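Chains, contacts and geometry: an overview
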Amino acid sequence: PTVSDKILARSNFFRANRNTSFLYTGKNDVDIKEHLQNVSLKSPSACRSRAKEYSVYRFSSALLQENCKLLRELIKNAHDHEKKIIFITMPKADCFLSSRNNENVKKGAKCLQTISHNNQVDWINFSTSSYPDSLFRDVDHLNYEGAKLIWSALESKILNDSITP
């Protein structure tokens, strides 16, 4: 595990079970397409339940400061290695967005906004826009077509140096 992996692993906030080395190397262990197959969206009640899971049950105000500290450590580590950090909030299905606990979402967004501003880190927040259900494999994960769309938008923003949407 890298230093970044260790920092991420200290918090559920980061869902650190991802292959973060891809962010630095551009190499992936498997073809991502096989992991992004279409799955029909769940029922509205399942969608609400998933949104509440992430914005109420797994959200802890007590851990917010710790998570903000971990983000700052990650940024420092990246800057120490002359790497640029970009915060990206991925899109969610409309039913997920409308069912989240807005107060907790605002707390998390304030943390990201403050840290990104104070550390010259760009934040691309795709969760503020609506996307068709056809781009999601479930209520909070994109399918292959959705991933291609977002990747294209990211490439455009980065290559045109117009990071902030």
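Look above for the structure.
What you are looking at is a predicted structure, and each value in this text was computed from that prediction instead of being measured.

1. Focus on the packing of aromatic side chains
This structure, assessed with the given rule, holds one aromatic pair. A centroid spacing of 6.5 Å and a plane angle of 50° characterise the contact between Tyr-54 and Phe-96, whose relative ring orientation is tilted. Here Tyr-54 is found in helix α3 (residues 44–57), whereas its partner Phe-96 is found in helix α5 (residues 94–99), with 42 residues between them in sequence. For Tyr-54, a relative accessible area of 21% corresponds to the partly exposed category. Using a relative accessible area of 4% as the deciding quantity, one classes Phe-96 as buried. Just above the ring of Phe-96 sits the side chain of Lys-92; from NZ or CZ to the centre is 6.0 Å.

2. Description of the pairing of strand β2 (residues 122–125)
Burial along β2 is two-sided: the face carrying Asp-122 and Ile-124 and the face carrying Trp-123 and Asn-125 are both buried. Here four bridges tie strand β1 (residues 86–89) to β2, and the two strands are oriented parallel to one another. Looking across to β2, one finds that Ile-88 is bridged to Ile-124.

3. A look at unusual backbone geometry
The phi dihedral of Glu-82 falls on the positive side, at around 55°, and the residue is not glycine. Its place among the elements puts Glu-82 in the loop between α4 (61–80) and β1. Positioned with a positive phi, Gln-120 is a non-glycine residue whose angle comes to about 50°. On the secondary structure map, Gln-120 appears in the loop between α6 (102–118) and β2. By relative accessible area, which is 67% here, Gln-120 ends up exposed.

4. Observations regarding α6
The end-to-end C-alpha distance of α6 is 24 Å, a good match for the 24 Å that 17 residues give at a rise of 1.5 Å each. Those residues of α6 that fall on the buried side of the exposure criterion are Asn-104, Gly-108, Cys-111, Leu-112, Ile-115 and Ser-116. For α6, the buried positions fall inside an angular range of 120° around the axis, keeping them on one side. The outward face of α6, more than 90 degrees from its buried face, is lined by the exposed residues Glu-103, Lys-106, Lys-110 and His-117. Residues of α6 that are buried in the fold lie against α3, α4, β1 and β2. With a side-chain oxygen lying 3.1 Å from the backbone nitrogen of Glu-103, the N-terminal cap of α6 falls on Asn-101. Within two residues after α6, Gln-120 carries a phi angle of roughly 50°, on the positive side.

Rules behind the numbers
- Residues numbered from 1 in each chain as written.
- Predicted model: local features only at pLDDT ≥ 70, side-chain atom pairs only at ≥ 80, totals over all residues.
- Heavy atoms only, no water.
- Phe/Tyr/Trp six-rings, centres within 6.5 Å; stacked < 30°, edge-to-face > 60°.
- Helix = DSSP H or I, 4+ residues; strand = E, 2+ residues; numbered from the N terminus.
- Buried < 20%, exposed > 50% of the residue type's maximum accessible area, 1.4 Å probe, protein only.
- Lys NZ or Arg CZ within 6 Å of the ring centre and 35° of its normal.
- Pairing = 2+ DSSP bridges.
- Expected span 1.5 Å × (residues − 1).
- Arc of directions from axis to C-beta.
- Contact = heavy atoms within 4.5 Å.
- Polar contact = N/O pair within 3.5 Å; in protein donor to acceptor, adjacent residues only side chain to side chain.

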